[in-house]
Amino acid sequence: MKFISDVKLLLKITQEYVNAQFTIAFSAIFSLLFLLYCFNFSEGVWRPIVLVFFAIYAATTIYVWLTSLVIKKDLAKHREVTKRSRLLGIPLILTVFAGNVFAAGYGFMLASKNKTAEYTFAVYAFLTQIFILMISGLNIFKPYVVDTFILAMGTFIILAALYLVTAILIARHVTVDTAPKWMLPLGIVLLIPTLTGNFFSLLLGITLIRKARNTDPSAVEKWQKTWNKILRNTMAVFGLFFIVFMFSLSVVSSWTFDYDFAVENNYAVLLQTPTLEYPLGTDNFGRDLFSRIVFGAQISLIVGFCATIIPALIGGALGAISGYYGKNTDNIIMRALDVLYAIPGILLAIAIIAAFGANTTNLIIALSVGAIPTYARTMRANVMQISNYEFVESARALGANDRSIIFRHIVPNALAPMIVKATLTIGGAVISTSSLSFLGLGIEPHIPEWGNILKVGSTYLESHSYLAIFPGLCIMLLVLSFNFFGDGLRDALDPKSN
Amino acid sequence: MNKKLFTLASTATVAAVALTGCVETKSDVKENDGAESTGTKPVIELLGMGSSEQDMNIVRDQLVKNGFDVKLNIQPDYGSFTAQQDAGNFDIAISSWTTVTGNPDYAVRGLFKSGGDYSRTADKTVDKLIDEASTLTGDEAKEKYKELEQALVFDNAYIAPLYISQKFQGIYKTEVNPDTVRLPKSRAQAWETISFNDEGKNASETLVLHQAIASLTSLDPVKANDGSINTLNTNMYVRLVNLSDTDDVVSEGSLSYDHAIAENNEEYYFVLRDDINFAKVEGEKAVDTGDLVSAEDVVFSLNRAKDENSVPDHRTYSIHENIDTVEIVSDLTSLESVKTADGKSILEELSDELPAAISEVVTDEKDVDNAAGKYQVVKLTTPNPFPQVLNYLAHQSGGIVSEAAVTAVNTFDVASYDPNSDIAYGDQSTITEGGSYANHLAASGPYILVKKNDYEATFVKNPAYQAGTENEPKIENISVRFIQDNDSALSALRNGEIHVLQSVPETKTDVVEGDENLQLKTADSNAVSYLLFNTSGRETAKSADLRKAVLYSINQSEFISYYQDKKKPAVSTVTPLIDTGLKLEADSAKVKEFLNAYNESK
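Residues numbered from 1 in each chain as written. Chains lettered and ligands numbered in written order. Predicted model: local features only at pLDDT ≥ 70, side-chain atom pairs only at ≥ 80, totals over all residues. Heavy atoms only, no water.

### Some words on the overall build of chain B
1) Next: Along its length, chain B carries 19 helices and 20 strands.
2) Next: With respect to the principal axes defined by its C-alpha atoms, chain B has extents near 120 × 55 × 50 Å.
3) Next: Of all 602 residues assigned to chain B, the portion counted as buried reaches 55%.
4) Next: The contacts of chain B with a sequence gap of at least 6 include a subset with a gap of at least 24, amounting to 67%.
5) Next: For chain B, the accessible surface area stands at approximately 24900 Å², while carbon and sulfur atoms represent 47% of it. (Helix = DSSP H or I, 4+ residues; strand = E, 2+ residues; numbered from the N terminus. Buried < 20%, exposed > 50% of the residue type's maximum accessible area, 1.4 Å probe, protein only. Contact = heavy atoms within 4.5 Å. Areas by Shrake-Rupley, 256 points an atom, 1.4 Å probe, with all protein chains shown as cover.)

### Comments concerning the overall build of chain A
1) Next: Looking only at helices and strands, one finds 22 helices and two strands in chain A.
2) Next: Here the C-alpha radius of gyration of chain A, 25 Å, is about what a compact globule of 498 residues would show, namely 23 Å.
3) Next: Every one of the 498 residues in chain A was classed for burial, and the buried ones make up 51%.
4) Next: Taking all contacts inside chain A whose residues are at least 6 apart in sequence as the whole, residues at least 24 apart take part in 71%.
5) Next: Accessible surface for chain A amounts to roughly 23000 Å². Of this, 69% is attributable to carbon and sulfur atoms.
6) Next: If the 36 positive side-chain charges of chain A are averaged to one point and the 27 negative ones to another, these points end up 12 Å apart. (Rg over C-alpha atoms; globule rule 2.2 N^0.38 Å. Lys, Arg positive; Asp, Glu negative; His and termini not counted. Charge placed at Lys NZ, Arg CZ, Asp CG, Glu CD.)

### Focus: the domain arrangement of chain B
Residues and elements named next belong to chain B.
1) Next: Looking at the assigned domains, one finds that chain B contains domain 1 (36-165 + 525-601) and domain 2 (176-498).
2) Next: The straight-line distance from the C-alpha centre of domain 1 to that of domain 2 is 34 Å.
3) Next: The partner domain 2 presents 18 residues to the 19 residues of domain 1 that form the contact.
4) Next: Roughly 1500 Å² of surface becomes buried between domain 1 and domain 2 when both sides are summed, with 42% attributable to carbon and sulfur atoms.
5) Next: Of all residues in domain 1, the largest losses of buried area upon contact with domain 2 belong to Val100, Thr101 and Asp117, amounting jointly to 32% of the total for that side.
6) Next: The interface formed by domain 1 and domain 2 includes one salt bridge.
7) Next: Note that Glu321 and Arg109 form a salt bridge whose closest N and O atoms lie 3.6 Å from each other. (Domains from an automatic or database assignment. Buried area = accessible area lost by both parts, 1.4 Å probe. Salt bridge = Lys/Arg side-chain N within 4 Å of Asp/Glu carboxyl O.)

### Observations concerning the sheet that holds strand 1 (residues 43-49) of chain B
Residues and elements named next belong to chain B.
1) Next: Sheet architecture is open: six strands sit in the order 2-1-3-20-4-19, paired in mixed fashion. Across the chains shown, the open sheet's two edge strands, defined by having one partner strand only, are strand 2 (69-75) and strand 19 (500-501).
2) Next: The strands that helix 3 (residues 53-65) touches are strand 1, strand 2, strand 3 (92-98), strand 4 (159-172) and strand 20 (518-533); relative to strand 1, the one it contacts most, it runs at about 165°. (Pairing = 2+ DSSP bridges. Axes fitted to C-alpha atoms, helices over the stretch in contact; angles between N-to-C directions.)

### Structural notes on the packing of helix 2 (residues 15-37) of chain A against helix 3 (residues 48-78) of chain A
All names here are of chain A.
1) Next: Two elements in contact, helix 2 and helix 3, have axes separated by 8 Å at closest approach and are oriented at 160°. What the angle tells us is that helix 2 and helix 3 run roughly antiparallel. In the crossing of helix 2 with helix 3, the sense of the turn from one axis to the other is left-handed.
2) Next: Tallied by class, the residues present in the contact of helix 2 with helix 3 amount to 16 nonpolar, seven polar and two charged. (Parallel < 35°, antiparallel > 145°, perpendicular 65-115°, else oblique. Left-handed = near helix turned anticlockwise from the far one by under 90°. Nonpolar A, V, L, I, M, F, W, Y, C, P; charged D, E, K, R; others polar.)

### Things to note about the interface of chain A and chain B
1) Next: Residue-level contacts link 25 residues of chain A with 27 residues of chain B.
2) Next: Summing the contributions of chain A and of chain B, the shared interface buries around 2300 Å²; its carbon and sulfur component is 56%.
3) Next: At the junction of chain A and chain B, the tally comes to two salt bridges.
4) Next: Taken together, the connections running from chain A to chain B amount to eight residue pairs in polar contact (both at pLDDT 80 or more).
5) Next: The set of elements that each furnish at least two residues to the side of chain A that touches chain B consists of helix 13 (259-263) and helix 21 (450-459) of chain A.
6) Next: Its residues placed into classes, the side of chain A that touches chain B shows 13 nonpolar, four polar and eight charged. (Polar contact = N/O pair within 3.5 Å; in protein donor to acceptor, adjacent residues only side chain to side chain.)

### What about a nonpolar patch on the surface?
All names here are of chain A.
1) Next: A cluster of nonpolar side chains, contributed by Ile469, Leu473, Met476, Leu477 and Leu480, occupies part of the molecular surface with about 400 Å² of accessible area.
2) Next: Here Leu473 lies in helix 22 (residues 466-493).
3) Next: A relative accessible area of 35% means that Leu473 is categorised as partly exposed. (Patch = residues over 30% accessible without salt bridge, like charges linked within 9 Å, V, L, I, M, F, W, Y side chains within 5 Å.)

### Some words on the UniProt feature "domain: Solute-binding protein family" (unreviewed entry) in chain B
1) Next: UniProt's entry tags residues 261-580 of chain B with the feature "domain: Solute-binding protein family" (unreviewed entry), counted in the numbering of this structure.
2) Next: A distance of 27 Å separates the end C-alpha atoms of residues 261-580 of chain B, which is 21% helix and 22% strand. (UniProt positions renumbered as here; feature names shortened; annotations may be inferred.)

### Some remarks on the sheet that holds strand 17 (residues 456-461) of chain B
Residue and element names in this part refer to chain B.
1) Next: Ordered by their spatial adjacency, four strands build an open sheet running 5-18-17-16, and the pairing between neighbours is mixed. Each having just a single partner strand, strand 5 (206-211) and strand 16 (447-452) make up the two edges of the open sheet. The mean angle between the axes of side-by-side strands here comes to 25°, regardless of whether they run parallel or antiparallel.
2) Next: Across six bridges, strand 5 lies against strand 18 (residues 477-482) in parallel orientation. Among the inter-strand pairings, Val208 is bridged to a residue of strand 18, identified as Ser479.

### A word on the packing of helix 7 (residues 117-137) of chain A against helix 11 (residues 217-232) of chain A
Residue and element names in this part refer to chain A.
1) Next: Where helix 7 meets helix 11, the closest approach of the two axes is 9 Å, and the angle between their N-to-C directions is 50°. Taken together, the axis directions place helix 7 and helix 11 in an arrangement best described as oblique. For helix 7 against helix 11, the interelement crossing comes out left-handed. Two secondary-structure elements touch here, helix 7 through Ala117, Glu118, Thr120 and Phe121 and helix 11 through Gln224, Trp227, Asn228 and Leu231.
2) Next: Here the contact of helix 7 with helix 11 is composed, by residue class, of four nonpolar, three polar and one charged.

### A word on the UniProt feature "domain: ABC transmembrane type-1" (unreviewed entry) in chain A
1) Next: Taking the UniProt record as the reference, the feature "domain: ABC transmembrane type-1" (unreviewed entry) is found at residues 297-486 of chain A.
2) Next: The annotated region residues 297-486 of chain A carries 82% helix and 0% strand content, and the separation between its end C-alpha atoms amounts to 20 Å.

### With respect to the domain arrangement of chain A
1) Next: Parsing chain A into structural domains produces domain 1 (1-113), domain 2 (114-257) and domain 3 (269-493).
2) Next: If you average the C-alpha positions of domain 1 of chain A and of domain 3 of chain A, the two centres end up 36 Å apart.

### As for the pattern of salt bridges
Here the idea is simple: oppositely charged side chains can pair when their charged atoms come close.
1) Next: As enumerated under the stated definition, the model contains 43 salt bridges over all chains in all.
2) Next: A salt bridge links Arg494 of chain B to Glu462 of chain A, with the nearest nitrogen and oxygen atoms 2.6 Å apart. Of this pair, Arg494 of chain B sits in helix 14 (residues 486-494) while Glu462 of chain A sits in the loop between helix 21 and helix 22, on two different chains.
3) Next: Under the relative-accessibility criterion, Arg494 of chain B is labelled partly exposed at 26%.
4) Next: The class of Glu462 of chain A is exposed, set by a relative accessible area of 55%.
5) Next: The structure contains a network of salt bridges with shared partners spanning Asp105, Arg109, Lys113, Asp131 and Glu321 of chain B.

### Re the side chain of Ser572 of chain B
Residues and elements named next belong to chain B.
1) Next: Its location among the elements puts Ser572 in the loop between helix 18 (556-562) and helix 19 (588-601).
2) Next: Classification of Ser572 as buried rests on a relative accessible area of 1%.
3) Next: Among the polar contacts made by the side chain of Ser572, one reaches the main-chain amide nitrogen of Val574 at a distance of 3.1 Å.
4) Next: Not counting residues within four places of it along the chain, the set of residues in contact with Ser572 comprises Glu149, Val153, Ile159, Pro161 and Val528.

### Things to note about the side chain of Ser402 of chain B
1) Next: Position of Ser402 of chain B relative to the elements: it lies in the loop between helix 12 (389-393) and helix 13 (403-409).
2) Next: Each residue touching Ser402 of chain B, except ones within four places of it in the same chain, is listed here: Phe278, Asp291, Asp297, Phe300 and Ala442 of chain B.

### Here we look at a negative patch on the surface
1) Next: There is a patch of like negative charges on the surface, built from Glu252, Glu348, Asp352, Glu353 and Glu470 of chain B.
2) Next: By the element assignment, Asp352 of chain B lies in the loop between helix 11 (346-350) and strand 13 (360-361).

### Topic: the pairing of strand 16 of chain B
Within a regular strand, side chains alternate between the sheet's two faces.
1) Next: Most of strand 16 of chain B is tucked away: five of the six residues are buried.
2) Next: Counting the residues in the hairpin turn of strand 16 of chain B and strand 17 of chain B gives three residues.

### Here we look at the nonpolar core
1) Next: The biggest cluster of nonpolar side chains holds 212 residues, and the ones touching the most others in it are Leu127 of chain A together with Val59, Phe68, Phe459 and Leu531 of chain B.
2) Next: In terms of residues, this core owes the most to one element, helix 7 of chain A, which gives 13 residues.
3) Next: If near-sequence neighbours (up to four positions away) are discounted, Val59 of chain B is found in contact with Leu46, Ile92, Ile94, Leu162, Leu531, Ile554 and Phe559 of chain B.
4) Next: Counting 21 residues, the second largest nonpolar core, distinct from the first, contains Met334, Leu340, Leu348 and Ile364 of chain A. (Core = buried A, V, L, I, M, F, W, Y, C linked by side-chain atoms within 4.5 Å.)

Listed below in structure tokens is the structure:
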């Protein structure tokens, strides 16, 4: 009896098994969706491509289910996943080419026993790169591609190969606390692809450099621990993956996508249903919905990030000053912010845009102003708590001036809740941007932005529903991703759980 | 191992090269278009309303493709749009014009003649051509209007035409009998003919119609001329003549039995009915005042219609500036002596449709008795031969108001009128629910407005309107629902919340056709959309070359394909009334030529 409960416990703490359950669920849901969509009920014909996807996903589901059985058996017999079972993970990696990031991620997890944060970073950097490669590759079916297309695609392939090689090297040579010295240059090289917006590469590079230099083992350990906590949360990882993927795609889109397809009207192809040339169809002006959504991510993310960072900086500074000095300073700043807080954020944004006109800068300002008080409140509470600690007293005793106490001693220690709050509200900022554009108050209507695209789609909901579904899905997924990642971050940074 | 790696690498290289070869890059494709015009791109500010966003996008796209930089100025509603227009914050503005009177003069006079109600142009040649064309008919008129279009559009490019719209009317046929709903080309919707499928419901059920604008300018026919009251006032006041569905001037459904034009085209005669009384509202019901809609009221109404100083803020006097005198005919023999163009006498011409032959013409409304042959006849004169005056009489501003009711309300002095304290006849505050409600309307038409709020306006039938004839209103109660957004209005029609929608969006006609509860009716319309150039201050005002460059950038066929062939090409606002044979063709070579000329002149 004791033996069985032991296996149950083992199953619970074995990441591969948990991951397998998760992958089965998602692959099953997707195969079901493909199954539903593969038959055109109104015309009574099959959609062969969708059918193929259904077959791949269904096969993946069954395969993952079988591997989960093997893991269960291994754990019962050997108390660990055997080397032979781990080989079963390698074929799963190929499912990335069918877009199944869950199964591919699981395949990588299963294939390596060594689960350092670097390995996960390298794996997701690779998956992101492959996704971008495939998405950009769809442009081959367009009448023409941009001049930089071949070069960019070549770079993507090289980068993907680099990440894959790095992942293999890490699996072989990097342990939880050390990395061989010769990995230092590799780490530096991996910082360069950050220019493509692939943040996994940045994280990978930083971690590798710190580990290889090994100057401050305790900091490395703390960093490693935090990331391990985040990475153990599967939803947070996929959230981060989608955010990085979208961000990277919006950065590189200028080199692989032609902006003309997204803004120039083409009256010969109005309201086309999805084809290879127009993977998500065309809108009422014959513009390629696929290109529009990709370019739309740029504005949504820029506005989302800026409208989060600006109030976080201003509100954070005001909150820190207010919390540190207290008394009248506190009263004046916080009461003034209370006045601002009393005005509904979206109404304030509408009023600002109505007064100063609609463009990206005004949109960022409008969304930022309303969010300042909440950041100030969060920061103030943290600073009030921290300014009573001994290390602040000692800094004061050593003669440090107020500015250096606030910004060098207190604020860095009060940042964790701000980061979590920012991640959670960034999704809200993306939605606000889209809502304002949807109301016709945001960006000019021909500029691709998710709210604009959704607005056009909403009037064709009945006849050409894909015009609304795809931008809607994108907004939803991005916001969900930020929320999942924010949740994971909160759990990891929560002092109670540390 | 090394050999394998080498094979792999070489295969990859070959594949990459093959791939590079078969993909065409943008510079391969667009090589020929490389000859961009040199110099800085002219910046054009395009002004429009949110509702014409699609048109703005098409214009923007066409201008950008022809080497302009376009700045959009999108305003949410008509009020802020006109504010921007009046402030001159535009180079080109998306404008539209509907010729509700169905005559070509109205399509140009107010819009393009120097000093006209809506005019922003001042060009002597254009003024002269407008005046000359107004006196002509037939092929002569066609030639003159062709000259006008040449001067207005092609020589000077004061406007750049976009398209002519068509009318798409959706009817909720499960409830309303679609055969009874008219769809005229120019005139406003006529309510009196509409009936439910089950005629028993006409007395009890409310017919629900739709209008986009909830703020009513004025219910005095001469104090407003816009979409907010056009349909309402048309149904609340009867006129001397009407427009048929195909824009002929007829007496059917009007105050006159018949009308006649003297052979000199300067005298017009109308013989009046005696079966219409004014109605007023008492306790939310329409009551017959017993006051006949008489020749005295006609004289009073038309005299105030042509006199700028008869009411404060007169909006329609320029339409009626061609009326010289209006009088009641007192002598039957004068009708016998004047001849029409056919050689018949006016009396003969007027007598065609009468219930009893004219035995006497009376001047006092108390003496009127049509059954006994006692009629009132109104004579109207114009200073010059101007047959199109009849079209203007059919306009809502020619509606007949009650002399008694109007003079009872408008007791103030027009010159010192203060909108804050003085309430004029037809002010919307008097029929809006709430403290200021004091309905003083007197309706001569088939329906009378009881009250309104931001959601709807309710109307009831005038009990003394041609009772017993085929023109008697069929339905007792009508509610006009205010829904600003056209797509929302369509949804309301689809679930039966409104019964008739006059303006189904072009891109949604298939939705109406596919709905078994609905019927779609289509008709030509006089609505023309065009780009209006700023004629003061901006570069577009100074340079005809720049305007012409914009003009030849406009490709009307792209508009037509965007609207799924539901628009027609236009040259000017006259096109739906008289096809002069001219055509605007997009021509990027001409655009380059004019742009170069513009750049050189700078």
